[in-house]
Amino acid sequence: MAATIISPGAAAAAAAAHDATALMPAWQPPPPAPTAPSEVLGGPTRPLHAVGGGGQQAELTIESGPDAGHTHRAGDTALRLGRSPDNDLILRDPATSGHHARVERRGEQFWIVDLGSTNGTLVNGEPIQEKELNHGDRITIGQNAVHFSVLGG
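This one's a predicted model, so the numbers in the text were calculated from it and none came from an experiment. (Residues numbered from 1 in each chain as written. Predicted model: local features only at pLDDT ≥ 70, side-chain atom pairs only at ≥ 80, totals over all residues. Heavy atoms only, no water.)

K.L.:
Provide a residue-level description of the pattern of salt bridges, including the pertinent values.
P.N.:
Within this structure, the stated rule accounts for eight salt bridges. Salt-bridge contacts for Asp67 lead to Arg92; the nearest nitrogen and oxygen are separated by 2.8 Å. Linking Asp67 in the loop between strand S1 (57-64) and strand S2 (71-74) with Arg92 in the loop between strand S4 (89-90) and strand S5 (101-106), this pair joins segments that are 25 residues apart in sequence. Classification of Asp67 by relative accessible area gives buried; the value is 2%. Arg105 is the partner of Asp76 in a salt bridge, and the nearest nitrogen-oxygen pair spans 2.7 Å. Here Asp76, found in the loop between S2 and strand S3 (79-82), pairs with Arg105, found in strand S5; they are 29 residues apart in sequence, far enough to count as distant. (Salt bridge = Lys/Arg side-chain N within 4 Å of Asp/Glu carboxyl O. Helix = DSSP H or I, 4+ residues; strand = E, 2+ residues; numbered from the N terminus. Buried < 20%, exposed > 50% of the residue type's maximum accessible area, 1.4 Å probe, protein only.)

Now the structure itself:
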């Protein structure tokens, strides 16, 4: 009589391998993150409205590009734009530098400053290093077209 001898260790390993693959669920994408009712990006340290009366507020609306549909507010503190996660306004665009530009208020006027970006910053189609922004200006950062508007003070 011919008998097949299976060592106890091999049988246990085969059973464990079968169990591990039988119980492993198929990969599923993570559920979408819950969104706040009024989504204004920019981080928890940036007030939506200036405290104590402040000055004018500005609004940047991304009209086209990878981040289209988002709106951001600028006020007393500078608003940093770029791909890096430490920016106030994070753009998910490979043509945008890590630290691309900054929007800041000087007195009652808003200015945009290019931070040495690779592909540059355009205001109304013109490349800039630093420029005063006016209501209705169109800012191009990478593939994103951003409409600038002054909200008042």
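K.L.:
Account for the side chain of Asn87, with residues named and values stated.
P.N.:
Residue position: Asn87 is located in the loop between S3 and S4. Given the relative accessible area of 6%, Asn87 is considered buried. At 2.9 Å, the side chain of Asn87 forms a polar contact with the backbone oxygen of Ser84. Separated by 2.7 Å, the side chain of Asn87 and the backbone oxygen of Gly98 make a polar contact. (Polar contact = N/O pair within 3.5 Å; in protein donor to acceptor, adjacent residues only side chain to side chain.)

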